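# Examining the three-dimensional arrangement
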Amino acid sequence: MKAGNQTATIVALCCLKDQTLTTEISQIAIRDIGGLEVLVNLLETEDLKCKLGALSVLSQISVNTEIRRTITDLGGVPLLVDILSHPARDLQILAAETIANIAKVRKARKIVRKCGGIPKLVDLLDVSRTALMTPMDDLQPEEKQQVLVAKAGAEALWSLSQSTKNKEAMKRAGSMRLLANLIKSIHLDVVIPIMGTIQQCASESKYQLGIRTEGMIADLVRHLSTVTTRTDLKKHCASAIFRCAEDEQTRDLVRQSGGLDPLVKLAKDPAVQLDKPLLAAVTGAIWKCAISPANVRRFDDLDIMPILVGLLKDENEEVLTNVVGGLAECCKHPENRTVLRLNDGIPPLVMLLNGTNAPLLQNVALVLGECAHEMESMEIIDKLDGVRLIWSLLKNPDTLVQANAAWALCPCIQNAKDSGEMVRSFVGGLELIVSLLRSEDIKVLACVCAAIAKIALDRENLAVVTDHGVVPMLAQLVITIWSRKPTVGLGRKASKEEGTKSNSSQSSPNDSEEDDRLRQHLADAIANCCNWGINCHEFGRLGAIPPLVSYMASKDKNVHRTTAYALHQLSADPFNCITMHHSGVVAYLLETIGSSDEKLQEASAGCLSNIRKLALSAERFKYKQ
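Residues numbered from 1 in each chain as written. Predicted model: local features only at pLDDT ≥ 70, side-chain atom pairs only at ≥ 80, totals over all residues. Heavy atoms only, no water.

## Some thoughts on the overall build of the protein chain
- From N to C terminus, the protein chain includes 43 helices and 0 strands.
- The globule rule puts the C-alpha radius of gyration for 625 residues at 25 Å, and the 32 Å found for the protein chain is more than 25% above it.
- Overall, the C-alpha framework of the protein chain stretches about 120 × 55 × 45 Å when taken along its three principal axes.
- Counting only residues that meet the buried cut, the protein chain has 53% of its 625 residues in that class.
- The long-range share in the protein chain, meaning contacts at least 24 apart out of those at least 6 apart in sequence, stands at 74%. (Helix = DSSP H or I, 4+ residues; strand = E, 2+ residues; numbered from the N terminus. Rg over C-alpha atoms; globule rule 2.2 N^0.38 Å. Buried < 20%, exposed > 50% of the residue type's maximum accessible area, 1.4 Å probe, protein only. Contact = heavy atoms within 4.5 Å.)

Structure, rendered in structure tokens:
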């Protein structure tokens, strides 16, 4: 190839192609004697046969990681991208196959995008529906070439889709319509790289929307249900559903397309249980689909709970995370808590609390928190020392583990026998949970406040947390959250000053929901902490009243209920009543006193009563003078 003329080069390439190029020894030998430089240079020739020969060799040896990097460093990627525009189908196929191998290197993926290779590869996917739906043996030669070109292009895009920027470029190039067309094909060699590309791209919200609107969910379910030995196809389908099922409409489409049945069938298949990547994808899809109550009802009909409990014995942490996540969603329905308990699912869940995998611990805390709502399950958790293990998760550095653990403690404290003594038995436990009020994570703060509200129902525990400084910390938290003004939903309109503050701290709907959740539980914690010593007076002295009154402006009824309850408890102190009145609480309470919520009515009436009693006492005192 180096010294011969054109004919000699072609003959040499043919001889080289006949060698066993798939072995690492052959691949490294070609690199070490300078063969890669010659092969890359041949890509620039005008001779079709030389290009074909060079590409035939490069497409085979580029499976080697070192050779991929060398080809990239030699400037081979731009040359391959240029060949994609060549009218010869054979060249397009080999160039795309080579790019599919080389694009597993990050630098190469970037170069392909910079050289405009992505639109060219997307164009290769444009195949007629007839060619996609006709068996390969019945296709005309030109149609066969189209299908093979699409297969090679799909493989290249699959490798390129590991980059977020490349996903965006593929979307701009119009890939969604073509992917939706190709996924309907009967040719598995085409469908598998297309599915690989889809499941890679499904992590992006724009692609999730496109997958739903282009009608791909039904195709995903169809391929998932297909009887085939290609488990990688089922894995990609399940993985795509897993990533897309965060969306409620997608979950409904999976159910309506009959996708829940094959997922359950795969989960209980012994052969699938040995294939960990496939099992992880299937259990992940089950977990996300179970977020919808309608899907849980269908899963219950398919007897999913014993299957998931059986999978708790698996040693793969990704599988366990997904299985436990599915159990957490299913156990939001009381009947499934009983099924979990009767299938001896609680002991292995408690054992998992000893692990260190953060996503797994997040889900274990959630499912045990759901189980703790049932008294019989709570007894088992307590007997297995599960509450202590959940409490120990508060020391975990992962904020979501902390939040879920604190949330799980609420039903545990509420339903445990002699819960007050149990909480006090955890050495340093109360100090630990109070210290989490310094967290900067809003979910952690909300869940810790909810737990403190339960802890404070026991007077001895309330005395302990008071000694640990819970009152000033809660008061400071009220003031901090006050700066994130809730949307005005009750009583008077926001003042000019409040409107300025509100506009200066615009937040997304999700932020607003999280803020309201924190306000709800923070107010509940303050209310329950008022029942010890001078805590009630201290909240007023520390300036917690005006910001707490502003919480009544929220649109969330739960915030109204707990805030009114907190104001009722705080109004036991005369000075707090004066502050409330000056803060304009009466307008809010006059509105909430007419609520259909009895607890909100009672709290509002009680607070107004205390304010009115103080006003009457002041009038009588003034009259006597």
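## What to know about the UniProt feature "repeat: ARM" (unreviewed entry) in the protein chain
- Under the UniProt annotation, "repeat: ARM" (unreviewed entry) lies at residues 34–76, 75–117, 215–259, 428–470 and 543–573.
- The distance separating the terminal C-alpha atoms of residues 428–470 is 14 Å; by composition the span is 72% helix and 0% strand.
- Helix makes up 65% of residues 543–573 and strand 0%, whereas the separation of the span's terminal C-alpha atoms amounts to 14 Å. (UniProt positions renumbered as here; feature names shortened; annotations may be inferred.)

## Some thoughts on the packing of aromatic side chains
- Applying the stated rule across the entire model yields 2 aromatic pairs.
- Ring geometry for Phe242 versus Trp287: centroids 6.3 Å apart, planes at 35 degrees, classification tilted. Residue Phe242 is located in helix α17 (residues 231–244), and its partner Trp287 is located in helix α21 (residues 276–289); the two are separated by 45 residues in the primary sequence.
- Seen from their ring centres, Trp391 and Phe426 are 5.3 Å apart, and the 55 degrees between their planes marks the pair as tilted. Placement of Trp391 in helix α29 (residues 386–392) and of Phe426 in the loop between α31 (419–424) and α32 (429–435) is noted, with a sequence separation of 35 residues between them. One exposure class covers both Trp391 and Phe426, and it is buried.
- Positioned over the ring face of Trp287 is Lys288, at 4.0 Å from the centre of the ring.
- For the cation-ring pair, Arg519 lies above Tyr551, with the distance from its terminal atom to the ring centre recorded as 5.7 Å. (Phe/Tyr/Trp six-rings, centres within 6.5 Å; stacked < 30°, edge-to-face > 60°. Lys NZ or Arg CZ within 6 Å of the ring centre and 35° of its normal.)

## Section: the packing of helix α24 (residues 317–330) against helix α27 (residues 358–371)
- It is the contact of α24 with α27, at a shortest axis distance of 8 Å, that shows an interaxial angle of 25 degrees. If you check the angle between α24 and α27, you find them roughly parallel. α24 and α27 meet at a crossing whose hand is left-handed. Counting all contacts with α24, which are made through Leu320, Thr321, Val324, Gly325, Leu327 and Ala328, the residues of α27 involved are Pro359, Leu360, Asn363, Val364, Leu366, Val367 and Glu370.
- Its residues placed into classes, the contact of α24 with α27 shows 9 nonpolar, 3 polar and 1 charged. (Axes fitted to C-alpha atoms, helices over the stretch in contact; angles between N-to-C directions. Parallel < 35°, antiparallel > 145°, perpendicular 65-115°, else oblique. Left-handed = near helix turned anticlockwise from the far one by under 90°. Nonpolar A, V, L, I, M, F, W, Y, C, P; charged D, E, K, R; others polar.)

## A word on empty space enclosed by the protein
- Per the counting criterion, the structure on display carries 1 cavity of 30 Å³ or more.
- In this model, the largest cavity occupies a volume close to 30 Å³.
- Taken together, Val77, Leu80, Ile99, Ile102, Ala103, Ala108 and Val112 make up the lining of the largest cavity.
- Of all the secondary-structure elements, those providing two or more residues to the lining of the largest cavity are α6 (76–83), α7 (89–102) and α8 (106–114).
- When the residues that make up the lining of the largest cavity are grouped by side-chain class, the tally is 7 nonpolar, no polar and no charged. (1 Å grid on protein atoms, 1.4 Å probe; cavity = no way out; pocket = protein on both sides within 12 Å on 5 of 7 lines; lining within 4 Å. Points joined across faces, edges and corners; volume = space filled by probe spheres on them.)

## Re the environment of Leu462
- Structurally, Leu462 can be placed in helix α34 (residues 459–467).
- Beyond its immediate sequence surroundings of up to four residues, Leu462 is in contact with Ile455, Ala456, Asn528, Cys529, Asn531, Trp532 and Asn535.

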